[in-house]
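Residue-level listing of the chains:
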Amino acid sequence: MNLNRFSLLCAAAFTLTATSALAQDKPGKPGQDGKPGQAGQRRGGAMNPKALAKALELTPEQEKKLEPAFKKLADARKALKDVTDVKEKREKMAATTKELMKSVEEVLTPEQKKKFDEMKKKMEEAAKKGKKKDGGN
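On a predicted model such as this, the values are computed, not experimentally measured, just so you know. (Residues numbered from 1 in each chain as written. Predicted model: local features only at pLDDT ≥ 70, side-chain atom pairs only at ≥ 80, totals over all residues. Heavy atoms only, no water.)

(A) Summary view of the overall build of the protein. Along the backbone of the protein there are five helices and zero strands. Listed by position from the N terminus, the elements making up the protein come as α-α-α-α-α. Residues classed as buried in the protein amount to 32% of the 137 residues present. Relative to all contacts within the protein whose residues are 6 or more apart in sequence, the contacts with residues 24 or more apart total 60%. When the accessible surface of the protein is summed, it comes to about 9400 Å², and 53% of that surface belongs to carbon and sulfur atoms. (Helix = DSSP H or I, 4+ residues; strand = E, 2+ residues; numbered from the N terminus. Buried < 20%, exposed > 50% of the residue type's maximum accessible area, 1.4 Å probe, protein only. Contact = heavy atoms within 4.5 Å. Areas by Shrake-Rupley, 256 points an atom, 1.4 Å probe, with all protein chains shown as cover.)

Here it is in structure tokens:
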């Protein structure tokens, strides 16, 4: 049960990272409501490096320490682009996302860890809602 929950959280984090990263690369593009630059924010850009830094009020030193972890996530996402086995793709992204979350937690202050835990809970809840809408798949 806990493994399923963690896999779901990882999948949600991957999805949120991918969608927010794409949206953040195109500043000024209108979101669904027509407001500039809103497309990535509504989908929970928490795992986007810039959004995460802002949400957790990371110091420049903390951001620098996290650069390799986010690069690894981006590289893993690119490497899995051509993988057609959904289960394999999900497992590999879950492992990479788990490493990213561990890296993030290692550089956080106790106050930032509390905020990060809240963010993870929200992502997990959003993933559960999305799974229910998809019929539980």
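Back to the write-up after that little detour.
(B) Summary view of the pattern of salt bridges. One pass over the structure, following the stated rule, counts seven salt bridges. Note that Lys120 is salt-bridged to Glu105, the shortest N-O span being 2.3 Å. With a gap of 15 residues between them, Lys120 in helix 5 (residues 110-133) and Glu105 in helix 4 (residues 86-107) connect regions that are remote in the sequence. Overall, the relative accessible area of 28% leaves Glu105 in the partly exposed class. Several salt bridges share partner residues, and in doing so they unite Glu105, Asp117 and Lys120 into one network. (Salt bridge = Lys/Arg side-chain N within 4 Å of Asp/Glu carboxyl O.)

(C) Up close: the confidence of the model for the protein. With 61% of its residues at a pLDDT of 70 or more, the protein shows a mean pLDDT of 74. Under a pLDDT of 50 for its full length, residues 18-46 has, in the predicted model, 34 contacts with residues more than four places off or in other chains. (pLDDT = per-residue confidence, 0-100.)

(D) Helix 2 (residues 49-56), seen in detail. Of the residues making up helix 2, those classed as buried are Leu52, Ala53 and Leu56. Projected down its long axis, helix 2 carries its buried residues within an arc of 100 degrees, all on one side. Relative to its buried face, helix 2 has exposed residues pointing more than 90 degrees away, namely Lys50 and Lys54. If you check the start of helix 2, you find a side-chain oxygen 3.0 Å away from the backbone N of Lys50, and it comes from Asn48. Positive phi appears at Glu57, one or two residues downstream of helix 2, with a value of about 55 degrees. (Arc of directions from axis to C-beta. Polar contact = N/O pair within 3.5 Å; in protein donor to acceptor, adjacent residues only side chain to side chain.)

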